[in-house]
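Chains, contacts and geometry: an overview
Residue-level listing of the chains:
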Amino acid sequence: MTDDQRAIDSRIQQLNQRLKLARLGVQIERRSQKLSLRGTFPPRPGSDRLRPYQQRVPLGLPATSAGLKQAEQEAKIVAAQLLQKSFDWRNYHCGTGGLRLNQLELEQQLRAFEQDFFTQRDRRSRSAATTSTWNTAYAPYLRKLRTVVAANPQMTMAEAMHKTIHTTAEDSRSRQICCTALAALARFLDLDLPFDLKTFWGSYGPNAVEHRDLPSDDVIVATFEQIPHPEWRFVYGMMATYGLRNHEVFFCDYSALQQGNPNASIRVLPMTKTGSHEVWPFYPEWVDRFNLRDIQLPDVETDLKRTTLQRVGQHVTVQFRRYNIPFNPYSLRHAWAVRTIHFGLPDTVAARMMGHSVAVHTRTYHQWMTHRDQQMAVEAALQRSRLKSPESPMIEPALIEGEGDSKGE
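Remember, it's a predicted structure, so these values are computed and weren't measured experimentally.

This next bit is on the side chain of Asn246. Within the secondary structure layout, Asn246 lies in the loop between helix H8 (230-242) and strand E4 (252-253). Since its relative accessible area comes to 8%, Asn246 is described here as buried. For Asn246, the residues in contact, after removing those within four places along its chain, are Met239, Gly313, Val316, Thr317, Pro329 and Tyr330.

Core analysis: the biggest nonpolar cluster contains 47 residues, and Met238 and Tyr242 have the highest contact counts within it. Elements that contribute at least two residues to this core include exactly helix H7 (217-226), H8, strand E5 (266-268), helix H10 (286-289), helix H11 (309-322), helix H12 (329-343) and helix H13 (347-354). For Met238, the contacting residues outside a window of four places in its chain are Gly243, Leu244, Val249, Tyr254, Leu257, Ile266 and Leu292. Ranked by size, the runner-up nonpolar core spans 34 residues in total, among them Cys179, Ala181, Leu193 and Trp201.

For the rest of this paragraph, the subject is the sheet that holds strand E1 (residues 26-31). Across a sheet, strands are paired by hydrogen bonds formed along the backbone, either parallel or antiparallel in direction. Taking strand neighbours across the sheet as the criterion, the three strands line up as E1-E2-E3 in an open arrangement whose pairing is antiparallel. At either margin of the open sheet sits one strand with a lone partner, and together these are E1 and strand E3 (53-62). Each strand of the sheet is rotated relative to its neighbour by a mean of 30°, with strand direction disregarded. Two strands pair when backbone bridges link them, and strand E2 (residues 34-41) and E3 are joined in this way by eight bridges, in the antiparallel orientation. Note that in E3 the partner of Ser36 across the bridge is Pro58. Of the strands in this sheet, E1, E2 and E3 touch helix H2 (residues 65-84), which is tilted by about 15° from E2.

Following the criterion strictly, the structure yields ten salt bridges and no others. The salt bridge partner of Arg18 is Glu72, with a shortest N-O separation of 3.3 Å. Of this pair, Arg18 sits in helix H1 (residues 3-21) while Glu72 sits in helix H2, placing them 54 residues apart in sequence. In this structure, Arg245 and Glu248 form a salt bridge, with 2.7 Å as the shortest nitrogen-oxygen distance.

Per-residue confidence for the chain gives a mean pLDDT of 81; residues scoring 70 or more make up 80%. Of all secondary-structure elements in the chain, the lowest mean pLDDT belongs to helix H16 (residues 397-406), at 37, while H8 reaches the highest, 96. The model gives residues 206-211 a pLDDT under 50, and that stretch makes ten contacts with residues more than four places away or in other chains. Per-residue pLDDT stays below 50 along residues 391-409; that stretch engages in eleven contacts with residues further than four places along the chain or on separate chains.

Bringing the environment of Ser331 into the picture now. Mapped onto the elements of the fold, Ser331 is located in helix H12. Between the alpha carbons of Ser331 and Ala240 there is a distance of 8.7 Å; along the sequence they are 91 residues apart. In contact with Ser331, not counting residues within four places along its chain, are Leu214 and Pro215.

A word on H13. Buried within H13 are the following residues: Ala350, Ala351, Met353 and Met354. Seen along its axis, H13 keeps its buried residues to an arc of 160°; they face one direction. In H13, the exposed residues that point more than 90 degrees away from the buried face are Thr348 and Arg352. Once H13 ends, the next one or two residues include Gly355, with phi positive near 75°.

In this section: the packing of aromatic side chains. Counted according to the given criterion, the structure contains 21 aromatic pairs. Between Phe87 and Trp89 the ring centres are 5.2 Å apart and the planes differ by 85°, which places this aromatic pair in the edge-to-face class. By relative accessible area, Trp89 is classed as buried at 7%. Relative to Trp286, the ring of Tyr283 has its centre 5.0 Å away and its plane inclined at 70°; by these criteria the two rings are edge-to-face. Exposure remark for Tyr283: the relative accessible area of 18% places this residue in the buried category.

Interhelical geometry of H8 versus H12 gives an angle of 30° and a closest axis separation of 7 Å. Overall, the two elements H8 and H12 adopt an arrangement that is roughly parallel. Here Tyr236, Met239, Ala240, Thr241 and Tyr242 of H8 lie close against H12, whose contacting residues are Pro329, Leu332, Arg333, Trp336 and Arg339. Considered class by class, the residues forming the contact of H8 with H12 number seven nonpolar, one polar and two charged.

The rules we used
Residues numbered from 1 in each chain as written. Predicted model: local features only at pLDDT ≥ 70, side-chain atom pairs only at ≥ 80, totals over all residues. Heavy atoms only, no water. Helix = DSSP H or I, 4+ residues; strand = E, 2+ residues; numbered from the N terminus. Buried < 20%, exposed > 50% of the residue type's maximum accessible area, 1.4 Å probe, protein only. Contact = heavy atoms within 4.5 Å. Core = buried A, V, L, I, M, F, W, Y, C linked by side-chain atoms within 4.5 Å. Pairing = 2+ DSSP bridges. Axes fitted to C-alpha atoms, helices over the stretch in contact; angles between N-to-C directions. Salt bridge = Lys/Arg side-chain N within 4 Å of Asp/Glu carboxyl O. pLDDT = per-residue confidence, 0-100. Arc of directions from axis to C-beta. Phe/Tyr/Trp six-rings, centres within 6.5 Å; stacked < 30°, edge-to-face > 60°. Parallel < 35°, antiparallel > 145°, perpendicular 65-115°, else oblique. Nonpolar A, V, L, I, M, F, W, Y, C, P; charged D, E, K, R; others polar.

Dropping the structure here:
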């Protein structure tokens, strides 16, 4: 320990004595060359704790005479906040230099926001799904905000957010995501905006679903035969048969499929966008038709320390274009969803297999039912009605069992 450090520690001891006599409930500590506060604080965001307990608050202040003066003032402010039950951990991220969020430069605020985002969603580590959400739904729009602020330094934060939103297309999903990301940032910074960001969404929303001409089952089978490489045929076949997202094909447990499980179910692994879930094939006969028990994955980087779920999925999109497939990869997933409706699979089950909520499932896929789809559903319903009708001829048990199997019951 140097003489300067001994001198600082002596001053810290004297300062802490004054804080103790004032019964402020906090003390100052030197940790290496930085100063912190120690006291009984409420649990941090994302903590499993329910009650306040002894913790350190990093001030980001240097262990110098000037730093000590500022730390003493901060100790008094924090003690008052604790007394008033208004202490907020968001104001004390590492590297804020003892300043509160509204006193920081934009870049520091965004770093603190990013740190809070991952803390709230993933207590132990940055999962691939959380990282993918940040990279696709937050980071692009925060970059837009940075650009607007840099070009218009005279603007208030509210004005900069307003201008950033209007760099996106009206009535679009990107406009909605931008509003969502900036609204989250505003809440984090405790900004009192003079407008409700949801009013800028426009007509985009749950009921404004884009119409899609989905490929028929015959087209899906015929297209499979045109793909020259077996590894990418496997990817295509899995997406068509199981309704997987682009990246999910590379993150599945195929052991039951390889072992000849007659149900041919697979399990999507936890590191994917919506976590672990089990999926059954529709149609089951496509498992053998597409030779899906022979697992052949392309050589794509899947180490999520070196890539992201989004990049993995982009490989699939690129290959679809390379092979001139007349629809995008997600059309296979959407066709699978509509197919389960024809089979009479309950929405709760189909939604669980797709890894999203029942609300998303019903408001999205039921609106994609074309005249062709509705006609097929009507014919299937009438056929089931005839089989159950008392006037219908006797149906052999084997036929009934076969029908049940085709529905995945």
